[in-house]
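Structural features, examined
Residues per chain are reported as follows:
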Number of protein chains: 2
Amino acid sequence: MKKAGLLGQLIQNLCCLPGVGAKTAQRMAFHLLQRDRNGAKRLAETLLQAIDKIGYCRQCRTLTENELCEICADDSRDAAIICIVESPADVWIVDQATVFNGRYFVLHGRLSPLDGIGPDELGLEQLAQYLATGTVNELILATNSTVEGEATAYFIGELARKHQVQASRIAHGVPMGGELEFIDSGTLSHAFNGRKQI
Amino acid sequence: MKKAGLLGQLIQNLCCLPGVGAKTAQRMAFHLLQRDRNGAKRLAETLLQAIDKIGYCRQCRTLTENELCEICADDSRDAAIICIVESPADVWIVDQATVFNGRYFVLHGRLSPLDGIGPDELGLEQLAQYLATGTVNELILATNSTVEGEATAYFIGELARKHQVQASRIAHGVPMGGELEFIDSGTLSHAFNGRKQI
């Protein structure tokens, strides 16, 4: 049977989901059509609505359907501490895992001159204006610990110093519950260099 | 951050896909919104169209957007041999893997009296009428080799005999490339009982 027709198209379009190949897409299509047409309808409608309405927060650049995201609009959150992350997904992850009660700033990437990603693409001009207002006391740099992520953190640290704002980097080392046996050498040597007196 | 708003709704609705939990749904939502809005739009539109238009083939009961599916509408396929399968997905699988050039009949389940699934739910009345027309010479029973699948195959075998139609069951045994060491005892004893002279 050729993968033509509407069913074939549906299977092909389901492949645009990350981590979904032809086999999974096939299983999804049959599942939706045979067992969950209501769920599929809801999904399609929400998807269309989301594409249409969800944009970026004016202040922190995360994804939101409003002008200001929920966090920026929440007055109970501390506007003096800002956590810098690479993507909107990181905002969710940090906010679910920690008791951090400040605000965020989303870079949508990291400095990568070879790919043409410089300070402008990361909205650092906007961040600098934000820092210049004087409401911010501390930046927490939570970019990923890749080479580019570290370079980005360093760059933003310099920016913070220029505005007399304190900057800190989240700790890197052996993960909680991790056994030394299974830790890579880079992480381990980082953990030794970053040791703390107890 | 509470999972409220459109983004939260999108993540929740993505969970209706089989095999997709909260974490995967989150990753999918962020991917679609940040990197592939066009793909997401196409997906949503195809999904709505598919739900609206895809129904069941009048003759073989598989999923199709037309009155007759591609296979039943294809005159080059042998109408004298019918392969009986449990689901529309099985039609695709059999058709992709084999050189079978006959037609199909989809049961949409298997006999399971305790769940209230009898011959009527499986369309066996329709199959009997089909057999009564005299165009069919052989039924190939490709139901799954579960207890219910075997019972269903036996039941349809009897139906075929009543209409003087030959019925055969697909072979069960050690899969190609399988090593005896890793085969379960049920399959192995089945393979011994079903041995063939060479």
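Please read these numbers as outputs of a predicted model, since none were measured by experiment.

1. Re the relation of the copies chain A and chain B
Expressed as a screw operation, the relation of chain A to chain B combines 0.0 Å of axial shift with a rotation of 180°, fitting to an RMSD of 0.0 Å. In symmetry terms, the pair is related by a two-fold rotation axis. Every residue of chain A has its C-alpha some distance from the rotation axis, and the shortest such distance is that of alanine 44 of chain A, at 2.2 Å. The share of interface residues of chain A whose copies in chain B are also at the interface is 100%, consistent with both copies meeting through the same surface.

2. Focus: the pairing of strand β3 (residues 81-85) of chain B
Residue and element names in this part refer to chain B. In terms of burial, β3 is largely enclosed, as 4 of its 5 residues are buried. Sheet topology note: the β3/strand β5 (residues 138-141) ladder contains 4 bridges and is parallel. Of the residues in β5, the one forming a bridge with isoleucine 84 is leucine 141. Pairing of β3 with strand β4 (residues 103-106) involves 4 bridges; the strand directions are parallel. From the neighbouring strand, isoleucine 82 faces β4, where its bridge partner is arginine 103. Handedness of the crossover joining β3 and β4 through helix α5 (residues 88-97): right-handed.

3. Some points on the environment of histidine 172 of chain B
All names here are of chain B. Examined against the element boundaries, histidine 172 turns out to sit in the loop between β6 (166-169) and α8 (185-193). Placed 22 residues apart in sequence, histidine 172 and glycine 194 show a C-alpha to C-alpha distance of 8.1 Å. Here histidine 172 is in contact with Ser145, Glu150 and His190, once residues within four sequence places are set aside. At 3.3 Å, the side chain of histidine 172 and the backbone oxygen of isoleucine 170 are in polar contact.

4. So, the side chain of threonine 152 of chain B
Inspection of the secondary structure puts threonine 152 of chain B in helix α7 (residues 147-162). Discounting chain neighbours no more than four positions away, the residues touching threonine 152 of chain B are Leu107, Arg110, Leu111, Leu122 and Thr143 of chain B.

5. Thoughts on the interface of chain A and chain B
In this assembly, 55 residues from chain A lie in contact with 55 residues from chain B. Counting each side, the surface lost to burial between chain A and chain B is near 5700 Å², with a carbon and sulfur contribution of 70%. Run the count over chain A and chain B and you get 0 salt bridges. In this structure, the connection of chain A to chain B is made through 8 residue pairs in polar contact (both at pLDDT 80 or more). Only α1 (5-14), α2 (22-35), α3 (37-53), α4 (70-73) and α5 (88-97) of chain A provide two or more residues apiece to the side of chain A that touches chain B. The greatest single-element share of the side of chain A that touches chain B, amounting to 15 residues, is contributed by α3 of chain A. Broken down by class, the residue content of the side of chain A that touches chain B amounts to 31 nonpolar, 12 polar and 12 charged.

6. A word on helix α6 (residues 124-132) of chain B
Residues and elements named next belong to chain B. By the burial criterion, the buried members of α6 are Leu124, Leu127, Ala128, Tyr130 and Leu131. Projected onto a plane normal to the axis of α6, the buried residues spread over an arc of 160° and lie on a single side. Projecting away from the buried face of α6 at angles above 90 degrees are the exposed residues Glu125, Gln129 and Ala132. In this fold, the buried residues of α6 make contact with β3, β4, β5 and α7. Two residues or fewer past α6, glycine 134 is found with a positive phi of approximately 85°.

Definitions and cut-offs
Residues numbered from 1 in each chain as written. Chains lettered and ligands numbered in written order. Predicted model: local features only at pLDDT ≥ 70, side-chain atom pairs only at ≥ 80, totals over all residues. Heavy atoms only, no water. Least-squares fit on C-alpha atoms with pLDDT ≥ 70 in both. Contact = heavy atoms within 4.5 Å. Buried < 20%, exposed > 50% of the residue type's maximum accessible area, 1.4 Å probe, protein only. Helix = DSSP H or I, 4+ residues; strand = E, 2+ residues; numbered from the N terminus. Pairing = 2+ DSSP bridges. Right-handed = clockwise from strand over helix to strand, strands pointing away. Polar contact = N/O pair within 3.5 Å; in protein donor to acceptor, adjacent residues only side chain to side chain. Buried area = accessible area lost by both parts, 1.4 Å probe. Salt bridge = Lys/Arg side-chain N within 4 Å of Asp/Glu carboxyl O. Nonpolar A, V, L, I, M, F, W, Y, C, P; charged D, E, K, R; others polar. Arc of directions from axis to C-beta.

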